[in-house]
Amino acid sequence: MRILVIGSGGREHALAWAIARSPRATKLFVAPGNGGTAKVAENVALDVSDAAAVVAFVRAEQIGLVVVGPEQPAVDGIVDALRAAGIATFGPSQAAAELEGSKAFTKLICDEANVPTARYGHFEDEASALAYIRKQGAPIVIKADGLAAGKGVTVAMSLAEAETAVRDCFSGAFGTSGHRVVIEEFLDGEEASVFALCDGQAVVLLPAVQDHKRVGTGDTGPNTGGMGAYSPAPVITREIAARIENEIILPTVRRMAERGTPFTGVLFAGIMVTRDGPKLIEYNVRFGDPECQVLMLRLQSDAVDMLEAVATGTLLSHAPRFRPEVALTVVMAAEGYPGTPKKGTEITGADALDSETLVVFHAGTKRDGERLLANGGRVLNVTALGSSAAEAQARAYAAIAQITWPEGFCRSDIGWRAIAREMAQKTPD
Ligand code: AMP
Ligand code: GLY
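Here the structure is a predicted model, which means the values were calculated and not measured.

S.K.: Looking at this structure, how should I read a nonpolar patch on the surface?
M.R.: A grouping of Val153, Val155 and Met157 is seen on the molecular surface, where their side chains present a nonpolar patch of about 240 Å² in accessible area. Mapped onto the elements of the fold, Val155 is located in strand S8 (residues 153–156).

S.K.: Could you clarify how one ought to interpret the site of ligand 1 in this entry?
M.R.: Neighbouring ligand 1 are 15 residues, the closest being Glu184, Leu187, Glu191, Lys213 and Glu282. Note that an oxygen atom of ligand 1 is positioned 2.5 Å from one of the side-chain N or O atoms of Glu191. Contact between ligand 1 and Glu282: an oxygen atom at 2.6 Å from a side-chain N or O atom of the residue. Within the complex, the protein chains bury 90% of what would otherwise be the 470 Å² of accessible surface of ligand 1. Among the elements of the structure, strand S7 (140–144), S8, strand S9 (181–185) and strand S17 (277–284) are those that each provide at least two residues to the shell around ligand 1. Residues belonging to the shell around ligand 1 are distributed by class as follows: eight nonpolar, no polar and seven charged.

S.K.: Even after reading the chapter, I still don't get the site of ligand 2, so can you show me in this structure?
M.R.: Around ligand 2 sit Asp211, Lys213, Gly225, Phe268, Arg286, Gly288, Asp289, Pro290 and Glu291, and those are all the residues in its vicinity. Asp289 has a polar backbone atom sitting 2.9 Å from an oxygen atom of ligand 2. The separation between a nitrogen atom of ligand 2 and a polar side-chain atom of Glu291 is 2.8 Å. For the shell around ligand 2, the per-class residue count stands at two nonpolar, two polar and five charged.

S.K.: Would you explain the nonpolar core in this entry?
M.R.: For soluble globular proteins, the rule of thumb is that nonpolar side chains tend to be buried together. Counting residues in each nonpolar core, the largest one holds 44 residues, and the members touching the most others are Ile19, Val67, Leu197, Phe287 and Met296. Leaving out residues up to four positions away in the same chain, Val67 has contacts with Ile3, Leu4, Val5, Ile6, Leu15, Ile19, Phe90 and Leu307. Within the second largest apolar cluster, 34 residues are counted, among which are Ala74, Ala96, Leu99 and Met256.

S.K.: Looking at this model, I keep getting lost on the pairing of strand S6 (residues 120–123). Mind explaining?
M.R.: Residues in a regular strand point their side chains to alternate faces of the sheet. Of the two faces of S6, the one lined by Gly121 and Phe123 is fully buried and the one lined by Tyr120 and His122 carries no buried residue. Pairing analysis gives four bridges linking S6 to S9, with the strands arranged antiparallel. When the bridges of S9 are listed, Gly121 appears paired with Ile183.

S.K.: In this structure, what is going on with the side chain of Asp211? I would like to understand it.
M.R.: With respect to the helices and strands, the residue Asp211 is situated in strand S12 (residues 210–211). When sequence neighbours within four positions are dropped, the list of residues in contact with Asp211 reads Ser193, Gly225, Gly226, Met227, Gly228, Ala229, Pro290 and Glu291.

S.K.: Would you explain the environment of Lys343 in this entry?
M.R.: Following the sequence through the fold, Lys343 ends up in the loop between strand S18 (326–334) and strand S19 (346–347). Residue classification places Lys343 among the exposed residues on the basis of a relative accessible area of 54%. Residues Lys343 and Pro116, 227 residues apart in the sequence, show an inter-C-alpha distance of 42 Å. Apart from residues no more than four positions distant in its own chain, Lys343 is found in contact with Ala374, Asn375 and Gly376.

S.K.: I keep staring at the state of the cysteines and nothing clicks. Help me out?
M.R.: Scanning the model with the defined rule gives zero disulfides in all. Unpaired in terms of disulfides, Cys198 finds its nearest cysteine sulfur in Cys110, a separation of 14 Å. A relative accessible area of 0% means that Cys198 is categorised as buried.

Analysis parameters
Residues numbered from 1 in each chain as written. Chains lettered and ligands numbered in written order. Predicted model: local features only at pLDDT ≥ 70, side-chain atom pairs only at ≥ 80, totals over all residues. Heavy atoms only, no water. Patch = residues over 30% accessible without salt bridge, like charges linked within 9 Å, V, L, I, M, F, W, Y side chains within 5 Å. Areas by Shrake-Rupley, 256 points an atom, 1.4 Å probe, with all protein chains shown as cover. Salt bridge = Lys/Arg side-chain N within 4 Å of Asp/Glu carboxyl O. Helix = DSSP H or I, 4+ residues; strand = E, 2+ residues; numbered from the N terminus. Near = heavy atom within 4 Å. Polar contact = N/O pair within 3.5 Å; in protein donor to acceptor, adjacent residues only side chain to side chain. Nonpolar A, V, L, I, M, F, W, Y, C, P; charged D, E, K, R; others polar. Core = buried A, V, L, I, M, F, W, Y, C linked by side-chain atoms within 4.5 Å. Buried < 20%, exposed > 50% of the residue type's maximum accessible area, 1.4 Å probe, protein only. Contact = heavy atoms within 4.5 Å. Pairing = 2+ DSSP bridges. Disulfide = S-S within 2.5 Å.

Here is the structure:
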């Protein structure tokens, strides 16, 4: 089968890497791709915001399956355009992508489906938003509605911080995303990323993942797209996973189908495990990045079978299997990230490290002849398997020590929660 992956991040390199391992993949394209996808596929300079151009390419190249990596093309309707042209596509329709595109829509679905989530209000003017936060008090969470590249959320620990966030939203700091603001109850607990494959009806939960969102070691500094991840996530016990499936994912998927907007693709639930059980923080309509990297390294069954089953409504006969080991990924980012990253610096030593159990996935990289250059904020995802989180971590950092890139940095503590749990189990008190 001829396959196209849309996107250019570490997530898409991981998807392309897993697809390329399938004997069913006869030809693989990634649009636009990056310096890493070029190793396992042919990069194509397609404008993925131009649905007609993508459909024309897919027809000309006789592509049998399209895998949409990021949310933006889905929110813009690329899946609808491809399906209308009769092409099997992994990803959500424009209507279903509203679960990520609009926080107010997600809250409405949660109300209708009785999904446990933070209490909230949504506001279209500054004065009523300010009045609401003064009434609720801090800590409180302020979110610009719509896609704000992950930057539209403020977890305000004081009222002053909350007021500033509200004013920023209405003064246009997040563009049109700020014209509606969702204000939420602060959820206290441990966070995890839970992914559910959905073919419109059936749901299959994947192993849970935990991600490190803050830029600095010790979970300090500003939020990022994610500085590292690991799977399994010990906080998601079998019992908690069952509750997430039954109380959060299934009611949502049923409600989406009842509305006539069935969800297909991968539903990414950001979960807070609170004292009262798991609660939904937010939905995304795609694999997480870097969560996807650890899931693809653990995936044991055929990635094409899995993605195609989701795209064609045959998920129940193709539930994927995962390796029992721990996979852990460390993000290497360019100086300046999550602000303005320094681009164009050279990286050496990253190409020779890959094996069956360790892969350096690329995010913001490009090739200049033989040279590998940084071309974005998050640049490399050094991803390793191990028999424990401690072993996977040690293997990832040993590989990083082989990479020469003076202008790059990474956190030194990815996986610390899982490793602390492993240590506690070894030393009974
Ligand atoms: P979001 O873009 O909605 O995922 O929010 C970004 C981050 O803010 C999440 O990953 C959480 O760490 C945090 N966050 C969002 N909403 C809440 C909430 N209601 N309570 C506590 N933390 C939150
Ligand atoms: N790593 C979190 C995300 O992809 O949104």
